[in-house]
Amino acid sequence: MANEKTVAMLLAGGKGTRLKSLTKKLAKPAVYFGGKYRIIDFPLSNCANSGIDTVGVLTQYESTALNTYISNGSNWGIDGNKSLTVCLAPKQTDEGASWYRGTADAIYQNLDFLDSQNPDYVVILSGDHIYKMDYSKMLDFHKANKADLTVACLNVSLEEAKRFGIMKADANFKIESFTEKPKHPESTLASMGIYIFSYKVLRSELIKDRANPESENDFGKNIIPTMLANKKRLFAYPFDGYWKDVGTVESLWSANMDLLDDKCPLNIYDSKMKIFSEDTRSTPQYIGPNACVKNSIINQGAFIEGNVTHSVIFNEVTIEEGAVVEDSVIMPHTVIKAGVHVKRAIIGTERVVEEDIISSQDEEIALVA
Amino acid sequence: MNKAIGILNLHDSNNLGLLNTTRSVASTSFLGRYAFMDFMLSNFSDSGIDEMAVLIKEHTRSIIQHVARGGEWTKNSKLGGLTLLYDEPNASNTGYSTDINNFKENTWFLKQNKGDVVVLAPADIIYRIDFRPLIEDHVKNNHRISVIVQKINNGREAFIQEDIAHVDTNGFLRDLYPNRGEEDKITVSLRTYIIDKEVLYGLLRYATKTSSFFSLRDTIRKLAKDMPIYTYEHEGYVRCFDSLSHYLEYSLELLDRNVFNQLFDNDWSLYTKTYDTPPAKYLEHAEVKNSFIANGSIINGKVEHSIIGRDVVIDEGVEVKNSVIFSGTHISHGCKIDGLVCDKDAEIVNSAEIIGSIKDPQFIKRGDIV
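Computed from a predicted structure; not experimentally measured.

## Brief notes about the domain arrangement of chain B
Residues and elements named next belong to chain B. What the domain assignment reports for chain B is domain 1 (4–263) and domain 2 (281–364). Its C-alpha centre places domain 1 at a distance of 32 Å from the equivalent point of domain 2. Taken together, the contact pairs 19 residues of domain 1 with 24 residues of domain 2. Buried surface at the junction of domain 1 and domain 2, both sides included, amounts to about 1,600 Å², of which 75% is carbon and sulfur. Among the ionic pairs, Asp343 bridges to Arg23, the shortest N-O distance being 2.7 Å.

## Describing the interface of chain B and chain A
At the junction of the two partners, chain B supplies 36 residues and chain A supplies 36 residues. Of all residues in chain B, Arg33(B), Asp276(B) and Tyr282(B) give up the largest surface area on contact with chain A, accounting jointly for 22% of the area buried on that side. Here Arg33(B) makes a salt bridge to Asp279(A), at a shortest N to O gap of 4.0 Å. Counting across the interface, chain B meets chain A through 26 residue pairs in polar contact (both at pLDDT 80 or more).

## A short note on the packing of aromatic side chains
Residue and element names in this part refer to chain A. Scanning the entire structure with this criterion turns up 31 aromatic pairs over all chains. Between Tyr131 and Phe239, the aromatic rings sit 6.5 Å apart at their centres with planes inclined by 85 degrees, giving edge-to-face as the arrangement. Remark: Phe239 occurs in the loop between β14 (234–238) and β15 (243–245) and Tyr131 occurs in strand β9 (residues 129–131); sequence separation between them is 108 residues. Judged by its relative accessible area of 0%, Tyr131 falls in the buried class.

## Focus on the nonpolar core
Nonpolar side chains tend toward joint burial in soluble globular proteins. By size, the foremost hydrophobic cluster in this structure holds 74 residues, and its most contacted members are Ile304(A), Ile313(A) and Tyr282(B). With five residues, the top contributor of residues to this core is helix α8 (residues 249–258) of chain A. Of all hydrophobic cores here, the second largest spans 73 residues; its members include Met37(B), Ala121(B), Phe241(B) and Phe326(B).

## Considering unusual backbone geometry
Non-glycine residue Asn118(A) carries a positive phi angle of around 50 degrees. Within the secondary structure layout, Asn118(A) lies in the loop between α4 (111–117) and β8 (121–126). We classify Asn118(A) as exposed; its relative accessible area is 58%. With a phi angle near 55 degrees, Asp311(B) is a residue other than glycine that sits in the positive phi range. Examined against the element boundaries, Asp311(B) turns out to sit in the loop between β19 (307–308) and β20 (313–314). Overall, the relative accessible area of 36% leaves Asp311(B) in the partly exposed class.

## Overview of the domain arrangement of chain A
All names here are of chain A. Split into domains, chain A comes out as domain 1 (6–250) and domain 2 (280–368). A separation of 34 Å is found between the C-alpha centroids of domain 1 and domain 2. Every contact between the two is made by 13 residues of domain 1 and, on the other side, 15 residues of domain 2. Here domain 1 and domain 2 share an interface that buries about 1,000 Å² over both sides, 70% of which is from carbon and sulfur atoms. Three residues, Tyr32, Gly35 and Val249, lead the burial of domain 1 against domain 2; their summed loss comes to 49% of the area buried on that side. The interface formed by domain 1 and domain 2 holds one salt bridge in total. For the interface between domain 1 and domain 2, the tally reads one residue pair in polar contact (both at pLDDT 80 or more). Contributing elements (two or more residues each) for the side of domain 1 that touches domain 2: β2 (32–33) and α8. Looking at the side of domain 1 that touches domain 2 residue by residue, the class counts come to seven nonpolar, three polar and three charged.

## Side note on the sheet that holds strand β26 (residues 341–343) of chain A
Paired through their backbone hydrogen bonds, the strands of a sheet run either parallel or antiparallel. Residues and elements named next belong to chain A. Read across the sheet, five strands follow the order β17-β20-β23-β26-β29 without closing on themselves; strand pairing throughout is parallel. The open sheet has two edge strands with one neighbour each: β17 (292–294) and β29 (357–358). Relative to strand β23 (residues 324–326), strand β20 (residues 307–309) runs parallel, the two being bridged by three bridges. Across the sheet, the residue bridging to Thr309 is Glu326, located in β23.

What counts and how
Residues numbered from 1 in each chain as written. Chains lettered and ligands numbered in written order. Predicted model: local features only at pLDDT ≥ 70, side-chain atom pairs only at ≥ 80, totals over all residues. Heavy atoms only, no water. Domains from an automatic or database assignment. Contact = heavy atoms within 4.5 Å. Buried area = accessible area lost by both parts, 1.4 Å probe. Salt bridge = Lys/Arg side-chain N within 4 Å of Asp/Glu carboxyl O. Polar contact = N/O pair within 3.5 Å; in protein donor to acceptor, adjacent residues only side chain to side chain. Phe/Tyr/Trp six-rings, centres within 6.5 Å; stacked < 30°, edge-to-face > 60°. Helix = DSSP H or I, 4+ residues; strand = E, 2+ residues; numbered from the N terminus. Buried < 20%, exposed > 50% of the residue type's maximum accessible area, 1.4 Å probe, protein only. Core = buried A, V, L, I, M, F, W, Y, C linked by side-chain atoms within 4.5 Å. Nonpolar A, V, L, I, M, F, W, Y, C, P; charged D, E, K, R; others polar. Pairing = 2+ DSSP bridges.

Have a look at this one:
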């Protein structure tokens, strides 16, 4: 079929409570990552790099800041005559008004938008994960299998498996069973929360699910088990690249540290698959005469006069002379004053750090935000 | 506020020697992040001018590439904008390739725009200015033509061949003639003019009657003695980028925070094109001191008193001092570099040493392997 249409729906409404004060005024997808990015830059750049030209971003918690950031999608190039990025916050309609109650409900409430786009396929993504992935390959897999639904999955440890939707698949990747957060996992094949649906199937499943008062309107808990029970064609798409859920302070910190590891498979320096982001009007990054910078990444606009080791430094950060920053993430517009020692910490935006912030190896990562 | 048209004039520009064989100063990289034209276009933009044009003399490709969207410099993407004006018939005809002839070829631009006042400014003289109070004063006092001038203390060395301005006690220009480097304390023209649109038409007619080779600068020089031309004195950072060695010297000078703060200010939104490069990465053996490092660079060697552009790779054992390295260059095999301007996408892989000086820099051409 010529010109098949694919629309991506990006779930970005969550608060991310376990990121503590980092998400006090900011939705989790808008949290800063990797010296210049926000978490949501990764799935949006993946869409751009996968040739997806229509993206709906479903926002809810602190939606203003996120909607402003997404704007018309121009940061990711999805804003031309042949492409569209639109933020879809909950709205009042003829049927009333309600918040998005679950992942499936969020999509259900935007069926009008999907109908207007009339896609053949819908890619459902989450705004919470750091990874690079070419969704077009997953779509080819979906089509080759004549699947109703394809779920991207990766192998996790048995212990981690308890936190994920876990599936069992046959030798042809056909999914046989699916359990959300199992107490006793029978497999380690975990759902990454990335789904490709054939739209007609998605539409009818969402309408059926909505009619069921018992349902929590969630893809993992309701839609997928129901489809399996009804003998729909569900396939598991194996992914073996870097993928990290940065849902906690600890995991956000360690994903940032991963960028400093040359062996880490997540390569943000690969110009063939760039991660796009907002352009800050920063001055060039300055490293002073007495500064020492090693094993770190530093963004434009930073002003470094102290010592930075194994850290991630965002734009417009000032590190004064004699300050020592190690194993830390310093977010935009923050100042580390002269002589201050910061170790194993995440410092949020627009802070002035005047005293030492240090956590030891056996302690939780220190957070100032 | 009076509606003004901002015109970046790339005619009568200096050049930076070997850096400008395929591009003009306007689109040459500066501080690893900007193009020279960003500075004056941002001055226009921050002065609330949203009708802008670039009078292009040559090297159109690099200009178009830099400003392709144009929307970066204007507040509203439908009202106002950035227009490129090019004098196709005279482009390859040295004598005729003047700003006056370019204007005549493109008079539709002036006619079409609502502004009554035109601000003409160069890309190779860098300074920061808010044109608003000047335009207001110019209109209020019915000055018709005004020139921005500045007092400098190093006229033997800087602004050579630029115009010295003789200004009378009432602030009017009495004479304008080239600086031959005979005196240090001089007042120079910043080649920036505020002109009533109707008067500009008159200048075009006057120039045409005088000589088909006449430039705007020639015309104003000739009129300086006979016509009341007002001057506004600018103070603060100003540099005229007129040679490869001045390019290196003035770029490195901005590593001094005191100089940097004279030009840059948090209130000034300096716009430029984004390339979506990741943050700079420093590896185990990086030793970087007193330098600007652009995004996308991967540094594992020594860098001192230098400016490193986007996506530059500096391997372990390499030492770079007093140099400007343009984007995409790779330096390896322990090369020692001092006083070098290295154009884009070069590979320094087979040299042990490249030694120049700030006064007499070495140069590596775009894409060359050395």
